[in-house]
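Inside the fold
The chain contents come next:
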Amino acid sequence: MRNSIIIFILAVVFFACGKDKNLDVNEHYFVRSNGADMSVWLKGSKANKTVIFIVHGGPGGSAMDYRMPSFTDPLEEKYVVVYWDQRGSGASMGNYDTTLFSIPQYVEDLYKVKKFVESELGTDYSWFLYGHSWGGLLGSSFMLNEQYQQEFSGWIESDGAHNMPLLNALERNMLIYYGRQELMAGNNKERWKEIVEYCESLDSVNIDMYESAQMNKYSYEAEGLLDSVYVGNGMTPGFALKYLLASQYAPISNWISNTWTNIMLREDVEESALSNQLYKIKIPTLLLWGKYDFVTPPELGYDALNNLGTEDKYLIIYENSGHAPMDAQPVEYVTDIINFIESYR
Amino acid sequence: MLLGFIVSVNAQIDSTQQYLPITISYYGDLYTHPGLKLSTEYVLGERVIEKKRSKGRVKVRHKQYVPKLSLTYTHHAAYYNAFLLGGEMNFRKLKPSSGFRVDKILGMGYMRAFNAGKTYEVDDNMNISKVPLAGHNQFFMSFAFGFSKLFVETKQIPLAWHIRQSFTVYMPNNGAFGGILGFEVGVSYFPTFKKKNNEK
């Protein structure tokens, strides 16, 4: 027993310090922008001269959380994947004023990181921006800048939050709709009753940020209450243990910063409604959504599809996914991303 | 103010406690992220508490006030290499018959975190420049709780061991603060200790 414990501890320490698998590109940098030192990893293959730049969710998430083998291994085999920890998130650090927690600053940070990576890889690469959840809002905000979008060959928005007032209304309706169905079917009655009653008590056109935060919690719970939603392999006990004891993150500082960042950006996020500006995005765009995504309902995907200014736009709904189709249906999800990139790179 | 209070408490210190130890510890943030801590300490004040027990026995405990000076290094791959230079105050309870000690430690000091990775600054004109020795200056506060055992008096060996769990808050970081859950295990050596010759 004692030997097993020693071997386990040594294995954890080994993994904490261990090198990655054999990758063509495997670099880690910090990019400093207005007081923030933001962690940036480049991992993958240079063979196809293509970069996919991941804009993580949150606000206050971590880019490396997306580095699940079933999702990113196939991407790293073909492309250089940029994992960027945004200001105040993940392994990013810095001493700066809290006024810099703003969407325009995050857009500026994103562009600076892009220019830095470009200086490392060269200017002959095709670039694709991928944003999930809050990353969908940040990526959309970025793409509204004509100069910035011209430097990318494509934009991939997955379960994105590009219109928060609309999102809140759709989220409320979706929770009530499925909640009532489940109540009639007699499934998880206690939980659904609480969720439905809470949502019905809200004014659908005037949902404040506290109500929005509560609905967000219910939305994650709702996914777990439905049998139709596949549960992925992303967050296994082994993954959680490795994150806690052997990841590149300092979990406590990571958690504090992420929570703080979420609070600081909340007001900015809740007021963001970009639907009527999406016509400015004229580059090929792929929209990926989980059918049972209560957090950012699939109707937002249709909203983007209807408003984008490009003819090359596609919406794919994953029938057995919630807010994280890259985890629930990774094979289909990655295949769709690769097909899109291969078409436009 | 804190030191004034301690000095006024008492000065009845056993001479064997006055040897300045050199302490070296493994310092692990969340146990597995490795680091090293060097420290020394001095017993500044002591109060002897005697409690009468049944059958005429007396329970003796020493409450000690022990300032410490420490330098800690902690490493997180892809995050930082940090050095913490600080002063600590150990509010210690010693059982003299066994050398067993309970430590409650408050500390504060200066932390310098060096980014664990090459750092490049991109200015508003998109000019890129390398930042040598990039990192951040921070203030930290810490609290630790643990146990230690001293062999100086009981076995005439100039050693002690300790095991502690600490929590350190450093600031500013990302507009707020960061935290380290540190686990310490180590030994102290008393270089100036001389064995008593009254044995045998």
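Quick notes on the rules
Residues numbered from 1 in each chain as written. Chains lettered and ligands numbered in written order. Predicted model: local features only at pLDDT ≥ 70, side-chain atom pairs only at ≥ 80, totals over all residues. Heavy atoms only, no water. Helix = DSSP H or I, 4+ residues; strand = E, 2+ residues; numbered from the N terminus. Rg over C-alpha atoms; globule rule 2.2 N^0.38 Å. Buried < 20%, exposed > 50% of the residue type's maximum accessible area, 1.4 Å probe, protein only. Areas by Shrake-Rupley, 256 points an atom, 1.4 Å probe, with all protein chains shown as cover. Salt bridge = Lys/Arg side-chain N within 4 Å of Asp/Glu carboxyl O. Contact = heavy atoms within 4.5 Å. Buried area = accessible area lost by both parts, 1.4 Å probe. Polar contact = N/O pair within 3.5 Å; in protein donor to acceptor, adjacent residues only side chain to side chain. Domains from an automatic or database assignment. Core = buried A, V, L, I, M, F, W, Y, C linked by side-chain atoms within 4.5 Å. Pairing = 2+ DSSP bridges. Arc of directions from axis to C-beta. pLDDT = per-residue confidence, 0-100.

As a further point, take the overall build of chain A. Looking only at helices and strands, chain A has 13 helices and 9 strands in total. Relative to a compact globule of 345 residues, whose C-alpha radius of gyration would be 20 Å, chain A shows 20 Å and is just as compact. When the backbone C-alpha atoms are referred to their principal axes, chain A occupies close to 60 × 55 × 40 Å. Of all 345 residues assigned to chain A, the portion counted as buried reaches 57%.

The helix and strand inventory of chain B stands at 1 helix and 11 strands. Counting from the amino terminus, helix and strand elements in chain B follow one another as α-β-β-β-β-β-β-β-β-β-β-β. The buried share of chain B, taken over its 200 residues, is 44%. When the accessible area of chain B is evaluated, it comes to approximately 10300 Å², of which 64% is carbon and sulfur surface.

Scanning all chains against the criterion turns up 24 salt bridges over all chains. Linking Lys-115 of chain A and Glu-118 of chain A is a salt bridge whose minimum nitrogen-to-oxygen distance equals 3.0 Å. Taken as a pair, Lys-115 of chain A and Glu-118 of chain A lie in helix H3 (residues 103-121) at a separation of 3 residues, close to a single helical turn. By relative accessible area, which is 18% here, Lys-115 of chain A ends up buried. A relative accessible area of 15% means that Glu-118 of chain A is categorised as buried. Residues Glu-184 of chain B and Lys-37 of chain B are paired through a salt bridge, measuring 3.1 Å at the closest nitrogen-oxygen approach.

Between chain B and chain A, the residue contacts involve 38 residues of the former and 44 residues of the latter. Between chain B and chain A, the buried area comes to about 3300 Å², and carbon and sulfur atoms account for 60% of it. Broken down residue by residue, the surface that chain B buries against chain A is led by Thr-32, Tyr-79 and Asn-174 of chain B, which jointly contribute 21%. The interface formed by chain B and chain A contains 1 salt bridge. Asp-124 of chain B is the salt-bridge partner of Lys-112 of chain A, the closest N and O atoms lying 2.8 Å from each other. Where chain B packs against chain A, one counts 17 residue pairs in polar contact (both at pLDDT 80 or more). Secondary-structure elements contributing two or more residues to the side of chain B that touches chain A are strand S7 (118-122), strand S9 (135-150), strand S10 (159-173) and strand S11 (176-189) of chain B. The greatest single-element share of the side of chain B that touches chain A, amounting to 6 residues, is contributed by S11 of chain B.

The next subject is the domain arrangement of chain A. All names here are of chain A. Each assigned domain of chain A is listed with its residue range as follows: domain 1 (2-163 + 239-344) and domain 2 (167-225). Placing the centre of domain 1 and that of domain 2 at their C-alpha centroids yields a distance of 27 Å. Listed per partner, the contact involves 17 residues of domain 1 and 15 residues of domain 2. Sorting the residues of domain 1 by area buried against domain 2 places Glu-270, Phe-294 and Val-295 first, and these three jointly supply 49% of that buried surface.

This part is about the nonpolar core. By size, the foremost hydrophobic cluster in this structure holds 54 residues, and its most contacted members are Leu-42, Phe-53, Trp-84, Val-117, Leu-129 and Phe-142 of chain A. Counting residues per element, this core draws most heavily on H3 of chain A, at 9 residues. Those residues in contact with Val-117 of chain A, other than ones at most four positions away along the chain, are Val-40, Leu-42, Val-82 and Trp-127 of chain A. If you look at the next biggest cluster of nonpolar residues, it comprises 41 residues, including Val-81, Met-326 and Ile-337 of chain A together with Phe-140 of chain B.

Attention now goes to unusual backbone geometry. Backbone torsion omega between Gly-58 of chain A and Pro-59 of chain A reads -5 degrees, so that peptide bond is classified as cis. Checked against the element boundaries, Pro-59 of chain A lands in the loop between strand S3 (50-55) and helix H2 (69-78). Even without being a glycine, Leu-133 of chain B presents a positive backbone phi close to 50 degrees. Tracing the backbone shows Leu-133 of chain B in the loop between strand S8 (128-130) and S9. Note on Leu-133 of chain B: relative accessible area 70%, which makes it exposed.

Once that is clear, we can look at the pairing of strand S6 (residues 100-115) of chain B. Residues and elements named next belong to chain B. By the bridge criterion, 16 bridges tie strand S5 (residues 80-95) to S6 in an arrangement that is antiparallel. Directly across from Leu-94, in S6, lies its bridge partner Arg-101. What sits between S5 and S6 in their antiparallel hairpin is a turn of 4 residues, with Gly-99 showing a positive phi close to 80 degrees. The pairing of S6 with S9 spans 15 bridges and is antiparallel. Bridge pairing in S9 links Arg-101 to Ser-148.

Helical geometry note: an α-helix holds 3.6 residues per turn, so side chains three or four residues apart project in the same direction. Residues and elements named next belong to chain A. Every buried residue of H2 is accounted for by Phe-71, Thr-72, Leu-75 and Glu-76. Projection of H2 onto a plane perpendicular to its axis shows the buried side chains occupying an angular sector of 100 degrees, all on one side. Residues of H2 that are exposed and point over 90 degrees away from its buried face: Pro-69 and Glu-77. In the core, the buried residues of H2 are packed alongside strand S2 (36-44), S3, strand S4 (80-84), strand S6 (126-132), helix H12 (325-328) and helix H13 (330-344).

All names here are of chain A. Of note, Ser-141 is situated in helix H4 (residues 134-143). A polar contact of 2.8 Å, which involves the side chain of Ser-141, links it to the backbone oxygen of Leu-137. The contact partners of Ser-141, leaving out residues within four places of it in the chain, are Ile-103, Val-107 and Leu-274.

We now examine the confidence of the model for chain A. Of all residues in chain A, 91% attain a pLDDT of 70 or more, and the chain-wide mean is 91. Low pLDDT (under 50) marks residues 14-18 of chain A, which in the prediction has 4 contacts with non-local residues, meaning those over four places away or in another chain.

Quick look at helix H11 (residues 299-307) of chain A now. All names here are of chain A. For H11, the set of buried residues is Leu-300, Gly-301, Asp-303 and Ala-304. Seen end-on, H11 carries its buried residues on one side only, within an arc spanning 155 degrees. Contacts made by the buried residues of H11 are with strand S7 (154-158), helix H6 (164-185), strand S8 (285-290) and strand S9 (313-318).

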